[in-house]
Amino acid sequence: NSDTLSPVTASNKILTQSDASIASGIIDTLDSGFSDLGALDYEEFDKDISHIAFYGQSLSMGWEADVALTTTNYSGTLMLGDRVWTERGNTGLTAFNPLVASTAPNCGESPAVATTNSFKRMFDRFHRRSGNVEFLTTNSGEGGKSIERLSKESTNGTNYYTTSFLNGVTNAKSVANTASKTISCPAIVYMQGEHNYIDLSNAGLTPGSTATIDKDTYKGLLLTLKNNMQSDVISNYGQTKKPLFFIYQVAGTYISNESMSINMAQVEFANEQDDVILINPTYGLPDYSGGHLSSNGYRWYGELIAKSLNKVFLKGEGENIMRINSVNVSSNKVVINVHVPVSPLKFDVKTTPLQTSYGFKIRQNGVEQTITDVKIVSGNTVVLTVGATLSGSVEVAYGGLNRNGSGNLRDSDRWISQYEYADETSLVKPTYTPVDENDVNYYGKKYPCWNWLQQFYYSVTI
C-alpha cells in the first residue's frame, strides 16, 4: 500500500491539514515557486535611494544580541537617524547617516545591517556602477508581538504599524525630498510568527481579544498586512510597482503544536502569492536555547537574506531554499523528495546540534513512532524507516515540536559570505558554538551559507 503525504492535489491546489485522503500510489509535486520570476512586475533597485524595510518581532531586530559587530560602514549604505531601528531610542529620523550596527535597549547586531551591506556589494559588482544607487535600511519591528498587534488595523494598544513601520517610510521620504533624491522600496523583509505560538491572550486586533494560532486565519492576516505595507510604500514613495515581500518560517522552541500551524501558513502563503519569497529558516544558526540568535547568528542570517535578494533581484530567479517536492508513505517507509539548490543533501551535526532523527518525526494515530533508520538517497531524497507498516492516520514532520524547532539537513552550497565569524571569547556565547568538519570553531572564518531544509508538517489517512 502506497500513499502520498502532500499539501497539493494533482491540480496543484493547496489542501488544508484536515484534508486527509490522497489517492493511493500517486506522488504529487508541490507548487514550490522555484521558477524564473519572468514578467512579474516589481520595484527594482534603480532610484537614487533604494529602501530595504525590515518589520516583524524580536528576531527581525537583533533581540538579545549582546554586541554590535558590523561597525564599519560599507560605502553607499544608509540608515535613517543614528541607528538602524526606527524606534529603540532613535531620535534623529531627519537625516540619512552611514549604516553601521549599534546597540539599543534589548538589541544588538541587527540582521538588516549585514543584509544591506552584503547585497550592496553584490549589486555594485553586478551593475559595475558603485555610488549611483544608495541603499537605505530601516528596522521597524517590535519584540513579543502577534501579527495582530503589528497590523495596520490594530486598536489594541500602540499601533506599531504606524509608529514604527509607517513612520520610517514617511520620514525617509521627507529626508530624500530635502536632498532632492528619488527613493523607492523594492524589498520588505517580514520576520514574525513566534508570538502567535506562545501567547495569544489579549494579543488580538482589539483590546481584550485573542490572537490566532489557526493556519488559515494567520494567512488571511498576513495577506492583509502584506497588501497594506505594499500599498503604503507605493503611496508614500510614489513608486508604481510593488516591493517584493520576503518572509521566513518560525524556528526554535517557540513552535507549540504538532501541526506547526504558523509554519505551514508561512509556507502555503509563499506558494500562493507570486510576490512573496520564502527565505531560509534560522534554526541552523547559533542561538540561545532555541530562541533569539547570537550576534554572530544575526549577522550570519543577514548574509542568507542577502543571498536571496541576489538571486531574486540580480538573477531574476525565485527562492533558493530547500523545499519539499513530495512525501510518500509506502509500507514501513516514508520517502521524502527534496528540491536541493546545491546537491548533495547532507546531515550536519557540526553546525547545529543533533536533533532526534535529525529533526524528522513520524506519528501513527497520534502516537510517535521510533524511526529506526534515516538515509539520504541519490543526493536529493531522504528515506525514513519505522518498525512496522504504517496505517491509519499518519503524520510526517520536520523541525517542529519536540525537535527544538530544528533539524540537521542542509545542502552543499559553497556561497562565500562577506563577513567572518567573530571571536566569541569575550561575548555571551550561544548555547552551541558551530564547528567545521575538523571540530574547529569558525572564529575568523567566513560564515558557511548552506541552505537548510524547510520545516513542514503533512498528514494522510491510509
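Refer to the structure above for everything that follows.
Predicted model only: the values in this text are computed from it and were never measured.

1. Things to note about the environment of Tyr421
And step 1. For Tyr421, the position within the fold is in the loop between β18 (416–420) and β19 (446–448).
And step 2. Judged by relative accessible area, Tyr421 falls into the buried class, the value being 2%.
And step 3. Separated by 206 residues in the primary sequence, Tyr421 and Lys215 have C-alpha atoms spaced 36 Å apart.
And step 4. For Tyr421, the residues in contact, after removing those within four places along its chain, are Pro286, Asn296, Trp300, Pro430, Thr433, Pro434, Tyr442, Tyr443, Gly444, Lys445 and Tyr447.
And step 5. Side chain to side chain, Tyr421 and Glu424 meet in a polar contact 2.9 Å long.

2. Some details on the side chain of Thr351
And step 1. Looking at the element boundaries, Thr351 is found in the loop between β11 (346–347) and β12 (360–364).
And step 2. Looking at Thr351, its side chain comes within polar contact range of the side chain of Asp348, at 2.6 Å.
And step 3. With sequence-adjacent residues up to four places away left out, Thr351 is seen in contact with Gly284, Trp300, Tyr432, Pro434, Val435, Trp450 and Trp452.

3. A word on the packing of helix α3 (residues 160–178) against helix α5 (residues 215–237)
And step 1. Contact geometry for α3 and α5: axes closest at 9 Å, N-to-C directions at 25°. Here α5 runs roughly parallel to α3, going by the angle between their axes. For the pair α3 and α5, the crossing hand works out as right-handed. Judged by residue contacts, Tyr161, Phe165, Leu166, Val169, Thr170, Ala172 and Lys173 of α3 engage Leu225, Asn228, Met229, Asp232, Val233, Asn236 and Tyr237 from α5.
And step 2. By residue class, the composition of the contact of α3 with α5 is nine nonpolar, three polar and two charged.

4. A word on the sheet that holds strand β7 (residues 244–247)
And step 1. Overall, mixed pairing links the seven strands, which are arranged β4-β3-β5-β2-β6-β7-β8 in an open sheet. One side of each edge strand has no neighbouring strand; the edge strands of this open sheet are β4 (96–98) and β8 (276–278). For this sheet the average axis-to-axis angle between neighbouring strands, irrespective of direction, equals 30°.
And step 2. Together, β2 (49–56), β3 (77–80), β4, β5 (134–139) and β6 (183–191) form the strand contacts of α3, whose direction differs from that of β2 by roughly 170°.

5. Section: the pairing of strand β20 (residues 456–461)
And step 1. By the criterion of burial, β20 is predominantly enclosed, with five of the six residues buried.
And step 2. Bridge analysis of strand β16 (residues 393–398) against β20 gives six bridges, and the strand direction is antiparallel. Within the sheet, the bridge partner assigned to Ser393 lies in β20 and is Thr461.

6. Considering the pairing of β2
And step 1. Most of β2 sits out of view: eight of its eight residues are buried.
And step 2. Across the two faces of β2 the burial is the same, with Ile49, His51, Ala53 and Tyr55 and Ser50, Ile52, Phe54 and Gly56 all buried.
And step 3. As paired elements, β2 and β5 share six bridges and run parallel to each other. Paired with Ile52 across the two strands is Thr137, which belongs to β5.
And step 4. The pairing of β2 with β6 spans seven bridges and is parallel. Paired with Ile49 across the strands is Ile183, a residue of β6.

7. Overview of the pattern of salt bridges
And step 1. The final tally for this structure, using the stated rule, is 25 salt bridges.
And step 2. A salt bridge links Arg363 to Glu258; the nearest nitrogen and oxygen atoms lie 3.7 Å apart. Residue Arg363 is located in strand β12, and its partner Glu258 is located in the loop between β7 and α6 (261–272); the two are separated by 105 residues in the primary sequence.
And step 3. A salt bridge links Glu395 to Arg363; the nearest nitrogen and oxygen atoms lie 3.1 Å apart. Within this pair, whereas Glu395 is found in strand β16, its partner Arg363 is found in strand β12, the two being separated by 32 residues in sequence. No difference in accessibility class separates Glu395 from Arg363, as the two residues are buried.
And step 4. Overlapping salt bridges, with partners in common, bring together Lys215, Asp216, Lys219, Glu268 and Glu272 in one network.

Cut-offs and rules
- Residues numbered from 1 in each chain as written.
- Predicted model: local features only at pLDDT ≥ 70, side-chain atom pairs only at ≥ 80, totals over all residues.
- Heavy atoms only, no water.
- Helix = DSSP H or I, 4+ residues; strand = E, 2+ residues; numbered from the N terminus.
- Buried < 20%, exposed > 50% of the residue type's maximum accessible area, 1.4 Å probe, protein only.
- Contact = heavy atoms within 4.5 Å.
- Polar contact = N/O pair within 3.5 Å; in protein donor to acceptor, adjacent residues only side chain to side chain.
- Axes fitted to C-alpha atoms, helices over the stretch in contact; angles between N-to-C directions.
- Parallel < 35°, antiparallel > 145°, perpendicular 65-115°, else oblique.
- Left-handed = near helix turned anticlockwise from the far one by under 90°.
- Nonpolar A, V, L, I, M, F, W, Y, C, P; charged D, E, K, R; others polar.
- Pairing = 2+ DSSP bridges.
- Salt bridge = Lys/Arg side-chain N within 4 Å of Asp/Glu carboxyl O.

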